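# Secondary and tertiary structure notes
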Amino acid sequence: MTNHWIDIKNADVVLIIGSNAAEHHPVSFKWIMRAKDNGAALIHVDPKFSRTSARCDYHVPLRSGTDIAFLGGMVNYILESNSYFHDYVINYTNASFIVGKGYDFKDGLFSGYDAKARKYDQSKWGFEKGPDGAPLRDATLKHERCVFNLMKKHYSRYTLKNVSDITGVSEENLLKVYKQFSATGKPDKAGTILYALGWTQHTVGVQNIRCSTLVQLLLGNIGVAGGGINALRGEPNVQGSTDHALLYHVLPGYIGLPLAPWQTLAQFNKANTPVTKIPNSANWWGNRPKYFASLLKGWFGEEAKPENDFCYGLLPKGEPGADYSYMYVMDKMYHGKIKGGFVFGVNPMNSFPNTNKMRKALDNLDWMVCAELHNSETTDNWHRPGVDPKKMKTEVFLLPSAHRVEKAGTISNSGRWLLWFDKAVEPAGEARNFADMFVPLINKLREMYKAEGGKLPEALLKMNWPEKYDPEEWTRRINGFFWADTKIGNRLYKKGDLVPAFGNLQADGTTSSLNWLYTGSYTEEEGNKSKRRDPTQTPMQAAIGLYPNWSWCWPVNRRILYNRASVDLNGKPYNPKKAVIEWDGKKWVGDVPDGPWAPQADTKNGKLAYIMTTDGYAQLYGPGRLDGPFPEHYEPAETPVAQHPFSKQLSSPVYKFHTSDMDKLAKAADPKYPIVLTTYSMTEHWCGGGETRNVPNLLEAEPQLYVEMSPELAKEKGIANGDGVIVESARGKVEAIAMVTVRIRPFKVMGKTVHLIGMPFAYGWTTPKCGDSTNRLTIVACDPNTTIPEAKACCVNIRKADKLTEIA
């Protein structure tokens, strides 16, 4: 989230899209309703009507997988109606940058496309540079190749008719949403966009979010109270786990993964440290060498020295272009290229798409270690229905895991707040938390390397490794220490002192931090700031619900990112009644400013507002994405239509996919699979249900897999409410109970009726009589930037069942 939970109450318009916030993110909905109490308009855009829709001013159903068309239409409306916030667009975005002559867009493809390799040459999308190497700008926005005019041309195709034809949303409803949300493009108004996995789990998931960025930047809704683009996470620590590198392509603090061509630290730093020619750009990622050296120092301690590249050579290196995400791991497993593995904190045999393939893949392992609260579809894969356990070769080790209330430590919530949780009770029996499994395992491996040797023992033996796990100590390590006496300003920090802020981290080995974003979360003066529960505010902070002394927020306790874009060039708030920060002539007051520099009008001491972009401006035009510098509508990998009105390119030309015998795709507009399936969570069962299906009252409340469908589709198929049905895709079939409901309605798409059905993914065969995984239907077709699979849109058919075997 660019903002935080409480800040939602400051919005004048709340657009919830790709999320059923009321049922799945009730904490967010408390503040959504507070915004409504304050007079805000609430809009819900989602394929089905839900409890969220019921509390909003109106619900706009759209066909799953058409969000970019919907938002692209809003971009077009904002530009054509002159609803954009002119000063914000000029001062804080790259609208005025002039794009190089290599850029082009034709028939759904950007320039530089290699059809054989299915990838773009992104160098074709660069900016035109001046003699000093800085991007050329035209502040009048008249140059035909300035970003503003290219964007206007690009989205001119997204007319009300075209958007309506492909999304299934009426022109009347489109215009209603566009007018209401675009009205926030004024200094004293703010609109927020809230999204969840309904946006990300698509082959264009990243560009869905990018398109919302265009809307919010044009309207001046980033950096302001009640604004932002805010992800509603499905679990309490998704933000923290990604910050600390749960994702394969980054190290903690979003430092890129070392690759094979970068064999030295100098090579890594050269390739990963951006340089700007714009003198008043903060270019904060220019500090990456400091953060990486401090990370290496945290990992290897006294062994990390300048003369040995701080042990950089001991790190594994990825291959350029290689994908190490879980979808590719499972594909390698399916092809017998992986012998064993650890599965912690996930139930892939239920929650991963194309689950039939996933289960076959797991059969190829020689061994598997699982840590779980309960037996699951993954731990028990070897005796799933239809399989003879005696013929399964995998040796499974099931380690009993502690529950989250049985361990202490921190989580980082969606709003980036770092919060400490005490242990409520001791784990039962032999259960342990993950760290108390992992640390002894590493200790054992270190003992074996010391005694027996082996390949590259230094990688383990040189680590700054504890003998026991202590969450409080790890919180200090994450913050970071001084490793030598260091004078900063007028203060001398002694060796062993905690580093007070990431601005103090050094590239010479005198500091450590296991995550630079969290430096400042544990200080000598205040201790562990995640434990703070002080509601004290200044009157200015109280006006917008900013609680700076309640817990701690990365980075440097800043609650609203890019908040220096909430003021004019002289540092005065665009909206004084909901001011985030203000320049008092000497310093900023309010929130922690996004950089301490003077306002931009001070040409000597000021800095541009968007400190994390190389050239200091927010990116309406973003050449760093693998699928284009502007979001463009492409159909899902499986689609009920053979064409769309925006171009000749049907689906994304660069989405990722596999080609095994179990990765089958229905062809476009396939009459065998004419119905769109979307999947979702539910209130009573958490995610894949592995935990909640073991809670009797929750299972009683929602005992069986069901499929929601419209009365029109039910009539067409001869299905009555409560009937058993079979849902089938090109990859498998699933049994479910029919729920015939007006919450789902047919769509008129490209002149024909398209039906959509919805199913939760919370059920699995280990719970008797509840049905098996919906994900046996879904598809491994992935976003090219993140490899997140398209679980929210695939094509199926449905029929009434003669009898059911999985639900009885």
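Anything mentioned here points back to the structure above.
Since the structure is predicted, the reported quantities are computational estimates derived from the model, not experimental observations.

Each value, and the rule that gives it
- Residues numbered from 1 in each chain as written.
- Predicted model: local features only at pLDDT ≥ 70, side-chain atom pairs only at ≥ 80, totals over all residues.
- Heavy atoms only, no water.
- Pairing = 2+ DSSP bridges.
- Helix = DSSP H or I, 4+ residues; strand = E, 2+ residues; numbered from the N terminus.
- Core = buried A, V, L, I, M, F, W, Y, C linked by side-chain atoms within 4.5 Å.
- Buried < 20%, exposed > 50% of the residue type's maximum accessible area, 1.4 Å probe, protein only.
- Contact = heavy atoms within 4.5 Å.
- 1 Å grid on protein atoms, 1.4 Å probe; cavity = no way out; pocket = protein on both sides within 12 Å on 5 of 7 lines; lining within 4 Å.
- Points joined across faces, edges and corners; volume = space filled by probe spheres on them.
- Nonpolar A, V, L, I, M, F, W, Y, C, P; charged D, E, K, R; others polar.
- Domains from an automatic or database assignment.
- Axes fitted to C-alpha atoms, helices over the stretch in contact; angles between N-to-C directions.
- Parallel < 35°, antiparallel > 145°, perpendicular 65-115°, else oblique.
- Left-handed = near helix turned anticlockwise from the far one by under 90°.
- Patch = residues over 30% accessible without salt bridge, like charges linked within 9 Å, V, L, I, M, F, W, Y side chains within 5 Å.
- Areas by Shrake-Rupley, 256 points an atom, 1.4 Å probe, with all protein chains shown as cover.
- Salt bridge = Lys/Arg side-chain N within 4 Å of Asp/Glu carboxyl O.

### Considerations on the sheet that holds strand β21 (residues 552–553)
Read from one edge of the open sheet, 3 strands run β15-β16-β21, paired in antiparallel fashion. Looking along the sheet, the strands with just one partner apiece sit at the ends: β15 (409–412) and β21. Of the strand pairs in this sheet, strand β16 (residues 417–421) and β21 are connected by 2 bridges, and their pairing is antiparallel. Bridging across to β21, W417 finds its partner in C553.

### Observations concerning the nonpolar core
Counting residues in each nonpolar core, the largest one holds 95 residues, and the members touching the most others are F70, M151, Y610 and F630. Ranked by residues supplied to this core, first place goes to helix α4 (residues 67–80) with 8 residues. Setting aside chain neighbours within four positions, we find M151 in contact with V75, L79, L214, L218, L620 and F630. The next biggest cluster of nonpolar side chains, apart from the first, holds 36 residues, and it includes L259, A293, Y493 and V499.

### A word on the layout of surface pockets
Taken as a whole, the second largest pocket spans an internal volume of roughly 320 Å³. Looking at the second largest pocket, it is lined by 17 residues, and the ones nearest its centre are R359, R384, P385, D772 and R776. Split into classes, the residues belonging to the lining of the second largest pocket amount to 6 nonpolar, 4 polar and 7 charged. Of the domains in this structure, domain 2 (340–461) and domain 3 (656–800) are the two that each give at least three residues to the lining of the second largest pocket.

### Remarks on the packing of α4 against helix α10 (residues 205–218)
The N-to-C vectors of α4 and α10 enclose an angle of 20°; their axes lie 9 Å apart at closest approach. With respect to their mutual orientation, α4 and α10 come out roughly parallel. Considering only the axes of α4 and α10, their crossing is left-handed. Across from D67, I68, L71, G72, M74, V75, I78 and L79 in α4, the residues of α10 making contact are Q207, N208, C211, S212, L214, V215 and L218. Taken together, the residues of the contact of α4 with α10 break down into 10 nonpolar, 4 polar and 1 charged.

### Notes on a nonpolar patch on the surface
Taken together, F342, W367, F397, F438, L441, L445 and M448 make up a surface patch of nonpolar side chains, about 620 Å² in accessible area. Ranked by residues supplied to the nonpolar patch, first place goes to helix α17 (residues 434–452) with 4 residues. Of note, F397 is situated in strand β14 (residues 395–400). Classification of F397 as partly exposed rests on a relative accessible area of 38%.

### Here's the deal with the environment of K129
Here K129 is to be found in the loop between β7 (119–120) and α6 (147–155). In this structure, the C-alpha to C-alpha distance between K129 and W382, residues 253 residues apart in sequence, is 60 Å. Beyond its immediate sequence surroundings of up to four residues, K129 is in contact with A134, P135 and L136.

### A short note on the sheet that holds strand β12 (residues 340–344)
Overall, parallel pairing links the 3 strands, which are arranged β12-β13-β14 in an open sheet. Each edge of the open sheet is held by one strand with a lone partner, namely β12 and β14. If you compare each strand with its neighbour and ignore which way they point, the axes differ by 15° on average. Looking at chain direction, β12 and strand β13 (residues 367–372) are connected through 5 bridges and run parallel. Counterpart to F344 in the pairing with β13 is A371.

### Re the pairing of β15
As defined by bridge partners, β15 adjoins β16 across 4 bridges and the pair is classed as antiparallel. Looking at the pairing, S412 lines up with L418 of β16. What sits between the antiparallel neighbours β15 and β16 is a turn of 4 residues, in which R416 has the positive phi angle 70°.

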